[in-house]
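Commentary on secondary and tertiary structure
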Amino acid sequence: MIFGLLKQRRRRRMRTQPFPKDWLRTIERDVPFFLRLSAEDQVELLGHIQVFLSEERFEGCGGLELTDEMRVIIAAQACLLLLHRKTDYFPRLLTILVYPSTYLVEDKRQVEGLVWKEGTTPRLGETGRQLGSMVIAWDAAKSGAADSSDGKNLVLHEFAHQLDYENYAADGAPAFETREQQLSWGEVMRTEFASLRAADEIGIPTLLDTYGATNPAEFFAVSTEAFFERPCALRAQHPKLYRELQRYFLQDPIEYSAERMKTN
Ligand SMILES: [Zn+2]
């Protein structure tokens, strides 16, 4: 309890500290959504970034020399998920490992029935509930920030998984304020997940990346990418899904979307 109060106080102090000028320049240059946010949201985001960077541990891997610029670009995207909400800043995450680029992982894949194939698969990032860590490929984090309307964003994807873990499960349902919201989320997600799976099986093109058909946790992560990057298309094609995401994230990305500016 006391620890909680001290933590709150420390975070409040971090949020109100002057934001380093060179960090701000990096954000304005490399994270284009920032300039489209309202003035209040910009201030709130910068505050979250200060807390985030003071609490999260980063490690450069695969020969990568980590710079403040890299940490700031990753933080700015991750903290977009925190705007307007009561947050404990990704409490299940202990370390963010940053690789220069796509990295290879040894894995075993089921090809058919009992046939398994061993090999290496390139990956951009991953995080796990038990792991306490997250792996991010720096080039993908940077290009994800540069193009904020292609529907893909590695950092939003991986940090959405962390939100999912806040209530100790990796089930595609983060923690909700009310039971009513939890029920309505569950219902909408089940239906949307099933229809993505069906479309994937038949091979119909979908707005949502079919990687989301893997399981409900990936569905939430992929939907989060679409919500922030293709909000107009998502609202038009999946209005119920959009509404649930909007209720959870307490924001409407259409208001600051590059997608809207393209179509108008
Ligand atoms: Zn994922």
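Details of the structure are given in the entry above.
Here is a short report on the structure shown in this document. Not measured: the values here are computed from a predicted model. (Residues numbered from 1 in each chain as written. Predicted model: local features only at pLDDT ≥ 70, side-chain atom pairs only at ≥ 80, totals over all residues. Heavy atoms only, no water.)

1. Observations concerning the coordination of the zinc ion
- The protein atoms donating to the zinc ion are His-157 (NE2), His-161 (NE2), Glu-218 (OE) and Glu-218 (OE), with metal-donor distances spanning 2.1 to 2.7 Å.
- Between consecutive donors of the zinc ion, the numbers of intervening residues give the motif H-x3-H-x56-E. Taken as a pair, His-161 in helix α7 (residues 154-165) and Glu-218 in helix α9 (residues 216-229) lie far apart in primary sequence, 57 residues in all. (Donors = N, O, S within 2.8 Å, 3.2 Å for Na, K, Ca; no water. Helix = DSSP H or I, 4+ residues; strand = E, 2+ residues; numbered from the N terminus.)

2. Focus on the sheet that holds strand β5 (residues 125-127)
- Taking strand neighbours across the sheet as the criterion, the four strands line up as β1-β2-β6-β5 in an open arrangement whose pairing is mixed. Both outer strands of the open sheet, β1 (57-60) and β5, are each paired with one neighbouring strand and no more. On average, each strand axis in the sheet is tilted by 20 degrees relative to the strand beside it, whichever way the strands run.
- Where β5 meets strand β6 (residues 133-137), three bridges bridge the pair, whose relative direction is antiparallel. For Gly-125, the partnering residue across the bridge sits in β6 and is Ile-136.
- Those strands touched by α7 are β2 (95-99), β5 and β6, and its axis lies near 170 degrees from that of β6. (Pairing = 2+ DSSP bridges. Axes fitted to C-alpha atoms, helices over the stretch in contact; angles between N-to-C directions. Contact = heavy atoms within 4.5 Å.)

3. Some thoughts on the packing of aromatic side chains
- Applying the stated criterion across every chain, the model contains 17 aromatic pairs.
- Summarising the aromatic geometry, the rings of Phe-220 and Phe-249 are spaced 6.4 Å apart at their centres and angled 15 degrees between planes, so their arrangement reads as stacked. Placement of the pair is Phe-220 in helix α9 and Phe-249 in helix α11 (residues 239-249), with a sequence separation of 29 residues. Phe-249 shares its class with Phe-220; the two are buried.
- Judged by centre distance (5.1 Å) and plane angle (75 degrees), the ring pair of Phe-228 and Phe-249 falls under edge-to-face. Linking Phe-228 in helix α9 with Phe-249 in helix α11, this pair joins segments that are 21 residues apart in sequence.
- An aromatic cluster is built from Phe-176, Trp-185, Phe-220, Phe-227, Phe-228, Tyr-242, Tyr-248 and Phe-249, whose rings are joined through pairwise contacts.
- A cation sits over an aromatic face here: Arg-92 above Tyr-168, 3.9 Å from the ring centre. (Phe/Tyr/Trp six-rings, centres within 6.5 Å; stacked < 30°, edge-to-face > 60°. Buried < 20%, exposed > 50% of the residue type's maximum accessible area, 1.4 Å probe, protein only. Lys NZ or Arg CZ within 6 Å of the ring centre and 35° of its normal.)

4. Observations concerning the environment of Thr-178
- Its place among the elements puts Thr-178 in the loop between α7 and α8 (179-202).
- Given a relative accessible area of 39%, Thr-178 falls into the partly exposed group.
- At a separation of 3.1 Å, a polar atom in the side chain of Thr-178 contacts the main-chain amide nitrogen of Gln-181. (Polar contact = N/O pair within 3.5 Å; in protein donor to acceptor, adjacent residues only side chain to side chain.)

5. Some points on the environment of Leu-97
- Of note, Leu-97 is situated in strand β2.
- On the accessibility criterion, Leu-97 (19% relative accessible area) is buried.
- The spacing of Leu-97 and Ser-133 is 36 residues in sequence and 7.2 Å in space, taken between C-alpha atoms.
- Residue contacts for Leu-97: discarding those within four places in its chain leaves Glu-59, Cys-61, Ser-133, Met-134, Val-135 and Ile-136.

6. Quick look at the packing of helix α1 (residues 2-16) against helix α4 (residues 39-55)
- Contact pair α1 / α4: the axes reach a minimum separation of 7 Å and the direction vectors enclose 120 degrees. Taken together, the axes of α1 and α4 are oblique relative to one another. Of the two elements, α1 crosses α4, and the hand of that crossing is right-handed. Between α1 and α4, the contacting residues are Arg-10, Arg-11, Met-14 and Arg-15 on the first element and Gly-47, His-48, Gln-50, Val-51, Ser-54 and Glu-55 on the second.
- By residue class, the composition of the contact of α1 with α4 is two nonpolar, four polar and four charged. (Parallel < 35°, antiparallel > 145°, perpendicular 65-115°, else oblique. Left-handed = near helix turned anticlockwise from the far one by under 90°. Nonpolar A, V, L, I, M, F, W, Y, C, P; charged D, E, K, R; others polar.)

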